[in-house]
Every structure is written in C-alpha cells, then in structure tokens.
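Structural features, examined
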Amino acid sequence: DAGITQSPRHKVTETGTPVTLRCHQTENHRYMYWYRQDPGHGLRLIHYSYGVKDTDKGEVSDGYSVSRSKTEDFLLTLESATSSQTSVYFCAISGETGQRTYFGPGTRLTVT
Amino acid sequence: GESVGLHLPTLSVQEGDNSIINCAYSNSASDYFIWYKQESGKGPQFIIDIRSNMDKRQGQRVTVLLNKTVKHLSLQIAATQPGDSAVYFCAENISGANSKLTFGKGITLSVRP
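Notes on the structure follow. Predicted model, so just to flag it, every value in this text is computed and none were measured. (Residues numbered from 1 in each chain as written. Chains lettered and ligands numbered in written order. Predicted model: local features only at pLDDT ≥ 70, side-chain atom pairs only at ≥ 80, totals over all residues. Heavy atoms only, no water.)

All names here are of chain A. One pass over the full model with this rule turns up 2 disulfides over all chains. A disulfide bridge connects Cys23 with Cys91, and the sulfur atoms are separated by 1.9 Å. An S-S torsion of about -70 degrees defines the bridge between Cys23 and Cys91 as left-handed. Placement of Cys23 in strand β3 (residues 19-25) and of Cys91 in strand β9 (residues 87-94) is noted, with a sequence separation of 68 residues between them. Among the residues examined, Cys23 registers a relative accessible area of 0% and is labelled buried. Cys91 gets classed as buried once you look at its relative accessible area, which sits at 0%. (Disulfide = S-S within 2.5 Å. Helix = DSSP H or I, 4+ residues; strand = E, 2+ residues; numbered from the N terminus. Buried < 20%, exposed > 50% of the residue type's maximum accessible area, 1.4 Å probe, protein only.)

Okay, here's the thing in structure tokens:
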C-alpha cells in the first residue's frame with residue numbers, strides 16, 4: 001500500500017456523531033486525497049491537499065472537512081455523520097497532481 | 001469483503017488464458033491513464049500507466065494499449081492466474097495544475113481453475 005496507513009480500519013457510529021478518519025504516509029508525497037467508494041459508483045473525490053494547510057474540495061465534499069498540519073498526515077472529519085456517509089473511504093497520495101496515485105487500505109464506515 | 005463488485009460487468013477467463021479488459025474513457029483531451037486492480041477488502045493497487053504519446057506499454061505480464069482515435073484503453077494480462085481475480089478499473093486525467101484523476105466503475109475479472 002505504498003507506505004500509506006489509515007485508521008481506524010473499521011468504524012460503526014451513530015447518526016449525528018462526529019467522526020475523524022486519519023491517513024498517514026511515509027512517502028513524503030505532496031498530494032493527498034480522500035475518496036469514497038460505493039457500489040455502482042467509481043471512486044469519488046471528497047477533498048484533497050496540495051501541501052501543508054493547503055486543501056480544496058472535490059466533487060462530493062458536502063458534510064466533510066479536512067485538515068493537513070503535517071506533510072505525512074491528512075485527516076477527514078464528518079462533523080455530524082449521516083447514513084448516506086456509510087461507505088468505504090480511501091486515502092491516496094501522489095507526487096504530482098493527477099499522476100501516479102497510490103491508495104491506502106481503506107476505512108469501512110457504517111453510520112447507523 | 002467489499003461489495004464494490006456488485007452490479008459490475010464480469011469477465012470470466014480460464015486459468016492460463018490471456019485476459020483483455022477494456023475501458024472506454026470519456027474525455028478526448030485526457031492524456032494520462034492508469035489501470036488499477038482492487039481485490040476484495042483492499043485498496044486499489046496501481047498496475048500500470050500510459051501517457052497519450054504512447055500506444056502501448058508493457059509491464060510484468062501486463063500490457064496496456066491506448067487507442068486515442070476511439071478513446072479506448074485496454075489491459076491485457078498474459079497467462080491469467082487465480083490471483084488475478086479482482087475488480088479492474090481505469091482512470092484518466094488531463095495533465096495540468098490541479099488536475100485530478102477520473103475513475104471508471106470497473107470490471108470484475110473471475111478466473112476459472
């Protein structure tokens with residue numbers, strides 16, 4: 001998984017609770033991404049980062065926020081989880097934007 | 001395991017045969033493409049990439065072919081093995097500042113012993 005870890009790997013939470021997912025990389029790549037993957041859809045970009053403290057929205061950013069205080073860490077926060085956010089979340093990294101991109105092992109999140 | 005394979009087309013091949021997985025990409029301006037493999041319960045794994053200035057690129061047991069005229073990308077796997085069973089999907093990009101990969105939904109490859 002190209003030096004990418006995600007935590008937790010599995011989480012069950014209740015509607016309305018905040019949730020934070022963590023991504024950690026050891027590759028010193030500039031770009032980091034959060035995707036969600038759902039049946040019937042390709043990977044969809046939630047947010048991405050192009051440097052420490054530099055982040056931007058992806059195509060499905062509503063209900064999510066991110067932070068990147070260090071090169072190696074990228075956090076995804078669901079401020080108030082909803083059932084529609086039940087999904088598998090993948091962190092990814094790349095040295096150049098939109099180029100060779102490597103994925104972490106994923107976090108399965110269930111919102112009940 | 002993951003349920004991402006639900007509703008995806010399936011390609012079934014005999015072990016030892018060659019597999020050809022196809023992808024029609026959407027944007028004629030795309031100039032960079034990647035193939036990924038995703039096994040159940042795991043993250044997508046980079047297989048091979050190709051730029052639009054090439055028609056063909058070979059890796060270990062895999063070949064990617066690009067036909068820009070018809071916006072078609074294919075992944076050929078030689079001597080398919082049981083370990084090749086997975087979901088395969090392509091990604092495309094228009095290189096440039098703030099460019100992002102766009103991912104296809106994928107195809108399930110099933111290898112018959």
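Okay, the interface of chain B and chain A next. Counting residues at the interface gives 29 residues for chain B, matched by 23 residues for chain A. In this assembly, chain B packs against chain A so that about 2,000 Å² is buried in total across both faces, 52% of it on carbon and sulfur atoms. In terms of surface lost to chain A, no three residues of chain B exceed Pro44, Lys100 and Phe103 of chain B, which account for 26% of the buried area on that side. The interface formed by chain B and chain A contains 1 salt bridge. The shortest N-O distance in the salt bridge between Arg100 of chain A and Asp49 of chain B comes to 3.0 Å. At the level of secondary structure, the elements contributing two or more residues to the side of chain B that touches chain A comprise β3 (32-38), β4 (45-51) and β8 (86-93) of chain B. At 4 residues, the largest contribution of residues to the side of chain B that touches chain A is made by β3 of chain B. Residue composition of the side of chain B that touches chain A, grouped by class: 11 nonpolar, 11 polar and 7 charged. (Contact = heavy atoms within 4.5 Å. Buried area = accessible area lost by both parts, 1.4 Å probe. Salt bridge = Lys/Arg side-chain N within 4 Å of Asp/Glu carboxyl O. Nonpolar A, V, L, I, M, F, W, Y, C, P; charged D, E, K, R; others polar.)

This is a description of form; function is not addressed.
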